[in-house]
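# What the coordinates show
Below, each chain spelled out in residue letters.
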Amino acid sequence: MPRLDLPTLADARRFALIVALTALVYALAGWVSLKVATYVAGVIAAVWLAAGVGAMASLRFGLAGVLGVLLGSFAIISQVLPVETAIRLALGAAASAAVMGYLPRHLQPFSPTLESVPSVAKFALVAAPLGCGVNALLGVVSLYSAGILPDELIFQGMWVWWLGDLLGVYLIAPILLTASRWDLLPTSKAARVEGLVLVFGMLLLTYAMLTHIQPLRPSEVVLFVLLPGVLWAALRFTVTGASLAIFLSALIVLGVAVVSSGGAISSTVPRELFALQISMFAMALAGLFVSAALAERRHSEMRLDMLANHDPLTGLPNRSYFQDFLGHALARAQREKSQVSLLFIDLDRFKHINDSQGHEVGDQVLCVVGNRLDEQLRADDFVARLGGDEFAIILMHPPASRAATRVVRKLLKTLVEPFKLEHRRYAIGASIGISVFPDDGLDANTLLRQADLAMYQAKQRRSGFEYFSDELNTVAQQQLSLENGLRHALDHGELALAYQPKLDLASGRVVGLEALVRWLPRSGGIIGPDRFIPVAEETGLIMPLGRWVARATCEQWIAWRTAGLNPPPVAINLSPRQFNDERLIDDIDAILAETGMEAAHLQLEVTESAAMENPQRTFEMLDALRQRGLHVYIDDFGTGHSNLGQLKRMPIDALKIDKSFIDDVLTDSDGAEIVNAIIRLSHALNMRVVAEGVESVEQLAFLKKRGCDEIQGFVVAKPLPPDKIEAFFNRQIDF
């Protein structure tokens, strides 16, 4: 049996308060309407202001508002009519309010603040006329049944009642519905002066027309004085401003009616009353539609501005807005002799989340980060998303050494806190680079570049944050020089391959080679891979460099075979970017086909960290390579974070123990045990194991005793050029 949820005491009190206040305001508005302008049988007001209260209450408060209208209507009408008739009229008023309150909710999209033309049309041309028509019909029928309204006044009463209710809705409801948007009214001194000029201008013109133009009808005041004023307010101010102008105009015209003819009483000529109603009707509709159209235009402009200057995902300012703001901030800091700290933020581990969980989760992570950054900053600080997982913050402060440190530590502490998305917990960190105006630069581009350099330094050192220094600039210049030189080397044949043999410890024979790239500038000397490979990785040059190495290796192996030699299988290294490249398989297929290289004699070495970064993709890639007959080695094993369960299922041929472990096998018992454990693990997984970086006979003896399959290092040979490495083919080396 379903459980019935009873309202709480607080909800009941709020409901009762809304009912009581609505009834009070409705009764007060009805009393004013009856006193100022009555027409048919002393009970049908030419302008029933209370209808506007009812429409607003029903739209905003639902059932509570409708009940308030029922009580308020009965309270005011029972003062002039019998109780039974008052009940019927009160029910008609409540039904009218219900129609005006509930109908717009089924005509979506609809804005209760009337800030769009469709919303005004649905309310003013559909809901209000229908609701007022219901009240007018029920009211006239009730008065006629009670014998209060004679036969000859039925049609006239119906018309006046309907227009009176409609005018009340147009005059009161908009100003009450837009009350929540009063914060949008202009607050500048010039705008306030303009508003006062508009009000006094309407009053003065009305007084002048009443004094110097006789006879003057109220409807003419509306058309010639008040309507232009309302349109002015609609053009210059918001919907709220136009609603205020409409309400003020209603007060003025009703005052004119009272002054000129003692009020719209039963002796008023019907034609004059209808003219007054129609003119006010036109004034209100014109003001509402014009103000709504302009509000739509302002919203569209704001929307376009938002799209142009803000990131659609996080809602933060984008790169364009950031650059404009930074330029203004620097100009202001120069005038005020203050400092600007620019924080360049790059997220750690974001790529792993994005690749493993999908872009949808990645987008949610970016939103979480954006919110956290925004919440931790002061109101006058500025945070923007520059693109991808990069954010920037601008801090203005008095001159001080490393003034941003406290804020940066707070941001880093906030960002590392775990969070939940779709029932999973995630943790993410950040690396932050900081540059300071005027110490590190005087223009926006320089500061941004230097903060970027500092961020990369923080990421490499894993220090969390770093300030820019001149040393970083020197390093950046060196890296730029290396990048340009490497591009030239790729285009002008300054690269060469060296080969290091792999020795089988059981037989003493060379069973494999590893191809290693060398950069030989025409100016002389040699640039080691430890210098240019990181630059190639960072700049993306690793892709064409990797393709060159693969092609040159295969061509050299075929050349050896053509020359009648018997070269062993040769291995090439795949960088993390290469291994994650969608075109890797196609590139290898093309190189094998074009060079005639046999896949079984080509080995691929992948670092442990690259292989384990995205296990699912690694499985797919390794399976595709295995189907082509290629062999895969896991390089630098022991330095990453392998999952043994995943490692067991991967189609891998061998593990290569990193040199850092081999260096310690004779001096460190822990290091020796680690190497021994890796050898046993490899054999347990039916994989061969290769030790790289073996430099002494003692190390070789240790590894041979523990059952290591192959070694590679200076104890066998240093990397040699193609013509020198040929001497090791079919050679047996005994130690």
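Before reading further, recall that the structure is shown in the block above.
Residues numbered from 1 in each chain as written. Predicted model: local features only at pLDDT ≥ 70, side-chain atom pairs only at ≥ 80, totals over all residues. Heavy atoms only, no water.

## Some points on the layout of surface pockets
Put simply, the second largest pocket is a space of about 940 Å³. For the lining of the second largest pocket, the elements supplying multiple residues, two or more each, are strand E11 (510-519), helix H17 (529-539), helix H18 (542-562), strand E12 (570-574), helix H19 (576-579), strand E13 (602-607) and strand E14 (631-637). Each residue belonging to the lining of the second largest pocket can be placed in one class, and the counts come to 14 nonpolar, nine polar and ten charged. (1 Å grid on protein atoms, 1.4 Å probe; cavity = no way out; pocket = protein on both sides within 12 Å on 5 of 7 lines; lining within 4 Å. Points joined across faces, edges and corners; volume = space filled by probe spheres on them. Helix = DSSP H or I, 4+ residues; strand = E, 2+ residues; numbered from the N terminus. Nonpolar A, V, L, I, M, F, W, Y, C, P; charged D, E, K, R; others polar.)

## Details of the nonpolar core
By size, the foremost hydrophobic cluster in this structure holds 80 residues, and its most contacted members are Leu602, Leu625, Val675, Leu703 and Ile711. It is H18 that contributes the most residues to this core, nine residues altogether. The contact partners of Leu625, leaving out residues within four places of it in the chain, are Ile585, Ile588, Leu604, Leu630 and Val632. Formed by 63 residues, the second largest nonpolar core is a distinct cluster that contains Leu59, Leu198, Leu227 and Leu285. (Core = buried A, V, L, I, M, F, W, Y, C linked by side-chain atoms within 4.5 Å. Buried < 20%, exposed > 50% of the residue type's maximum accessible area, 1.4 Å probe, protein only. Contact = heavy atoms within 4.5 Å.)

## Details of the packing of aromatic side chains
By the definition in use, this model includes eight aromatic pairs. Relative to Phe382, the ring of Phe325 lies with its centre 4.0 Å away and its plane at 10°, an arrangement referred to as stacked. Here Phe325 is found in helix H11 (residues 319-336), whereas its partner Phe382 is found in strand E4 (residues 382-387), with 57 residues between them in sequence. Aromatic side chains Phe465 and Tyr467 sit 6.4 Å apart centroid to centroid with 75° between the ring planes, which places their arrangement in the edge-to-face category. Each member of the pair, Phe465 as well as Tyr467, carries the same accessibility label: buried. Chaining the aromatic ring pairs together yields one cluster made of Tyr321, Phe325 and Phe382. A cation over a ring is seen here: Arg731 above Phe728, with NZ or CZ 4.7 Å from the ring centre. (Phe/Tyr/Trp six-rings, centres within 6.5 Å; stacked < 30°, edge-to-face > 60°. Lys NZ or Arg CZ within 6 Å of the ring centre and 35° of its normal.)

## Quick word on empty space enclosed by the protein
Under the definition given, this model contains three cavities of 30 Å³ or more. Approximately 110 Å³ is the volume found for the second largest cavity. Together, Met543, Gly546, Arg547, Ala550, Ile572, Leu574, Gln578, Asp581, Leu584, Asp587, Ile588 and Ile591 line the second largest cavity. Broken down by secondary-structure element, the contributors of at least two residues to the lining of the second largest cavity are H18, E12 and helix H20 (584-595).

## Details of the packing of helix H2 (residues 50-61) against helix H4 (residues 83-102)
One way to put it is that H2 packs onto H4 with a least axis distance of 8 Å and a crossing angle of 50°. By the criterion of interaxial angle, the relationship of H2 to H4 is oblique. The two elements H2 and H4 meet at a crossing, and its hand is right-handed. Contact residues: Ala51, Gly54, Ala55, Ser58 and Leu59 in H2; Ala97, Ala98, Met100, Gly101 and Tyr102 in H4. Partitioning the contact of H2 with H4 into residue classes produces seven nonpolar, three polar and no charged. (Axes fitted to C-alpha atoms, helices over the stretch in contact; angles between N-to-C directions. Parallel < 35°, antiparallel > 145°, perpendicular 65-115°, else oblique. Left-handed = near helix turned anticlockwise from the far one by under 90°.)

## Points about the pairing of E4
Most of E4 is tucked away, with five of its six residues classed as buried. Across five bridges, the pairing between E4 and strand E5 (residues 390-397) is antiparallel. Bridged to Arg385 within E5 is Phe391. In this antiparallel pair of consecutive strands, E4 and E5, the connection spans two residues, and Gly388 shows a positive phi of 55°. (Pairing = 2+ DSSP bridges.)

## Section: helix H25 (residues 669-684)
An α-helix turns once every 3.6 residues. As a result, residues three or four positions apart point the same way. With 16 residues, H25 extends 22 Å between its outermost C-alpha atoms, agreeing within 8% with the 22 Å of an ideal straight helix rising 1.5 Å per residue. Gly671, Ala672, Val675, Asn676, Ile678, Ile679 and Ser682 are the residues of H25 that are buried. One face of H25 carries all of its buried residues, which in axial projection span an arc of 155°. Opposite the buried face of H25, at more than 90 degrees from it, the exposed residues are Ser669, Asp670 and Ala684. Elements that come into contact with the buried residues of H25 comprise E14, strand E15 (654-657), helix H24 (659-662), strand E16 (688-692) and helix H26 (697-705). You can read the cap of H25 off the contacts: a side-chain oxygen lies 3.1 Å from the backbone nitrogen of Asp670, and it is on Asp668. (Expected span 1.5 Å × (residues − 1). Arc of directions from axis to C-beta. Polar contact = N/O pair within 3.5 Å; in protein donor to acceptor, adjacent residues only side chain to side chain.)

## A few points about the side chain of Ser341
Considering the arrangement of structural elements, one finds Ser341 in strand E3 (residues 339-348). Look at Ser341 and you get buried, because its relative accessible area is 1%. Side chain to side chain, Ser341 and His397 meet in a polar contact 2.7 Å long. Those residues within four positions of Ser341 in sequence are excluded, and the remaining contacts are Ile393, Ile394, Leu395, His397, Ala404, Ser435 and Val436.

## As for the pattern of salt bridges
Under the criterion given, the structure shown has 21 salt bridges. The salt bridge partner of Glu336 is Arg332, with a shortest N-O separation of 3.2 Å. With Glu336 and Arg332 both in helix H11 and four residues apart, the pair spans about one turn of that helix. Of the residues examined, Glu336 reaches a relative accessible area of 47% and is grouped as partly exposed. A relative accessible area of 41% means that Arg332 is categorised as partly exposed. Where salt bridges share partners, they join Lys502, Glu514, Glu605, Lys656 and Glu692 into one cluster. (Salt bridge = Lys/Arg side-chain N within 4 Å of Asp/Glu carboxyl O.)

## Some thoughts on unusual backbone geometry
Of note, the amide linkage connecting Phe437 to Pro438 takes the cis form, showing an omega dihedral of 5°. Within the secondary structure layout, Pro438 lies in the loop between strand E8 (429-437) and helix H15 (444-461). Unusually for a residue other than glycine, Lys337 sits at a positive phi of about 55°. By the secondary structure assignment, Lys337 is in the loop between H11 and E3. Exposure remark for Lys337: the relative accessible area of 66% places this residue in the exposed category. One non-glycine residue, Asn686, adopts positive backbone phi at about 60°.

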